Structure formats: structure tokens, C-alpha cells
Amino acid sequence: MLELIKKVPLFAQLGEQQLNALIEICTRRTYKAGTILFQEKELGSVFYMVLSGSVKIFTTSTSGEEKILTICKSSESFGELSLIDGKPRSASAQTLEECILLTITGQSFLELLRNHFDISLGIMQELSNRLRDTNQQVYDLTFVDARTRVIKSLIKMANTHGQRKGTTIVIKLVLNFDEISQLAGVQKSTLMQVIRDLEEKKILTISANEFTLELTKLR
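Residues numbered from 1 in each chain as written. Predicted model: local features only at pLDDT ≥ 70, side-chain atom pairs only at ≥ 80, totals over all residues. Heavy atoms only, no water.

Visitor: Is there a simple way to think about the nonpolar core in this case?
Guide: The nonpolar side chains of a soluble globular protein tend to be buried, and buried together. Counting residues in each nonpolar core, the largest one holds 24 residues, and the members touching the most others are V150, L175, L204 and F211. Elements with a contribution of two residues or more to this core: β5 (66-72), α6 (146-161), β10 (168-172), α7 (177-184), α8 (188-200) and β12 (210-214). Residues contacting F211, with those up to four places away along its chain left out, are L154, M157, I169, V170, I171, L173, L204, T205 and I206. V8, L10, I100 and L112 belong to the second-largest nonpolar core, a separate cluster that totals 21 residues. (Core = buried A, V, L, I, M, F, W, Y, C linked by side-chain atoms within 4.5 Å. Buried < 20%, exposed > 50% of the residue type's maximum accessible area, 1.4 Å probe, protein only. Helix = DSSP H or I, 4+ residues; strand = E, 2+ residues; numbered from the N terminus. Contact = heavy atoms within 4.5 Å.)

Visitor: Where do I start with the packing of α7 against α8 in this structure?
Guide: When two helices pack together, their arrangement is given by the angle between their axes and by how far apart the axes lie. Running from amino to carboxyl end, α7 crosses α8 at an angle of 100°, the nearest separation of the two axes being 9 Å. Between α7 and α8, the interaxial angle falls into the category roughly perpendicular. In this structure, α7 contributes F177, D178, I180 and S181 to the contact, and α8 contributes K188, L191, M192 and I195. The residue makeup of the contact of α7 with α8, split by class, is 5 nonpolar, 1 polar and 2 charged. (Axes fitted to C-alpha atoms, helices over the stretch in contact; angles between N-to-C directions. Parallel < 35°, antiparallel > 145°, perpendicular 65-115°, else oblique. Nonpolar A, V, L, I, M, F, W, Y, C, P; charged D, E, K, R; others polar.)

Visitor: What is the right way to read the packing of helix α4 (residues 106-115) against helix α5 (residues 117-143) from this model?
Guide: Where α4 meets α5, the axes come as close as 5 Å, and the angle between the chain directions of the two elements is 110°. Here α4 is positioned roughly perpendicular relative to α5, judged by the angle of their axes. Here F109, L112, L113 and N115 of α4 lie close against α5, whose contacting residues are F117, I119, S120 and I123. Partitioned by chemical class, the residues of the contact of α4 with α5 number 6 nonpolar, 2 polar and no charged.

Visitor: Help me understand the sheet that holds β5 in this model?
Guide: Within a sheet, each strand pairs with its neighbour through backbone hydrogen bonds, oriented either parallel or antiparallel. Taken in spatial order, the 4 strands of this open sheet run β2-β7-β4-β5, and their pairing is antiparallel. The open sheet is flanked by β2 (36-38) and β5, the only strands paired with a single partner. Here the strands of the sheet are splayed against their neighbours by 30° on average, with no regard to which way each runs. Where strand β4 (residues 55-60) and strand β7 (residues 92-95) come together, 4 bridges link them in antiparallel fashion. Residue pairing in the sheet places F58 in a bridge with S92 of β7. (Pairing = 2+ DSSP bridges.)

Written as C-alpha cells, this is what we have:
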């Protein structure tokens, strides 16, 4: 478990003694696909780290429509915001596949921040990165056309979660087309139109459980 925790950016700078202290307050749990970890507007009490699998972070409108904000995969963490400001969860979290997660209770998490400045700094950097991502999403929704938003979302998924093989990047599909359209902020019909066009140009290849981006044709 020690090597897995070292891969989490928030804890990468900790020494072995600090990491062992961290392990003592962690609980390792396995969750089935489709498990709701927490829901928007409920009080937060747990911080999560992903050891394996993937988790979607999303909001829901009053009409029940979902908007996926991000996908957390191995070595990523989430759930700290509500613990820090004491306000209800700003989004919901649900496993997309079977996941192994490490959890830390809110009280232990805050104590960890008090005792380790490196972790507090890491949290601030992570929140800053998320704010920059949110600002970029707002810009894209305001000024960027739907086709470009789809392509940018596919490239972002490839950069974050893909595996490069020569001139191609392969991404295992954990999202369905409805969820990808939510992530890109477009209608599903628009998404499918763009995907068909990319397939015709041999830029994108989709199989049963993955899609492949051809980098040489993307330029």
C-alpha cells in the first residue's frame, strides 16, 4: 500500500515515516461499479484516494440532468473540499467500475493538514488546478463551438487516462456516450456526429471497450 500512496500527488513529498503514519489512519475498501459514494448537498465526512478503478464526479440539475465535472482514476483523490470549508458536498461521486479506494475520516484528514504543511500545500495546489480547469470549462462553454469542445474533451481524456502506443493513444472506455457528451457539455447527437466524422477521417477508432486516437492524423 505504501508504494500506491506515494503515487498520490498530495503525498508524493512525504517521507517513509510520515507515509506510515498516514497508512495508520486510512481504511482500504472495495466498491462495486455504480456505487454512490456521496451525494451533492450532503455533509462531507470522508476523503477518498483511488487505488484502482475510476470514479465520476458530477452535479445534477433540478430536472435530473447530470453534468460530469471530472473522472478520478488511480492515484487521484477527491472529497476534500467539504471537509475543509465545512459546507455540504458541491457534487456527487459514483464509481464507474469496481474500485479500490482508501478513505480517511474528516477529523483525521484535518488533523493531517494541521501536522503536515506539505500536504496542506498540495491541497492548495490541487484546488488551484481545479479552479483553472473550471475557468477553462466556462470559457469553452462560452466561446468554443460544440465540435471543438468534443475534440478537446477526447484529447483531455487521452492525456489524462490514455496509454500511448507509438503514434496512437488508447483509452479504456469507462464512460458511455451519454456521459462523454455530459463531460464535453454538448448534446449526444452532436457528440455522435463529431465521432462519426473523426472515424471517417481515421482519427478515432472505437471498439467494444476502448477508443484509439491517431496522433499523426490529429494534427
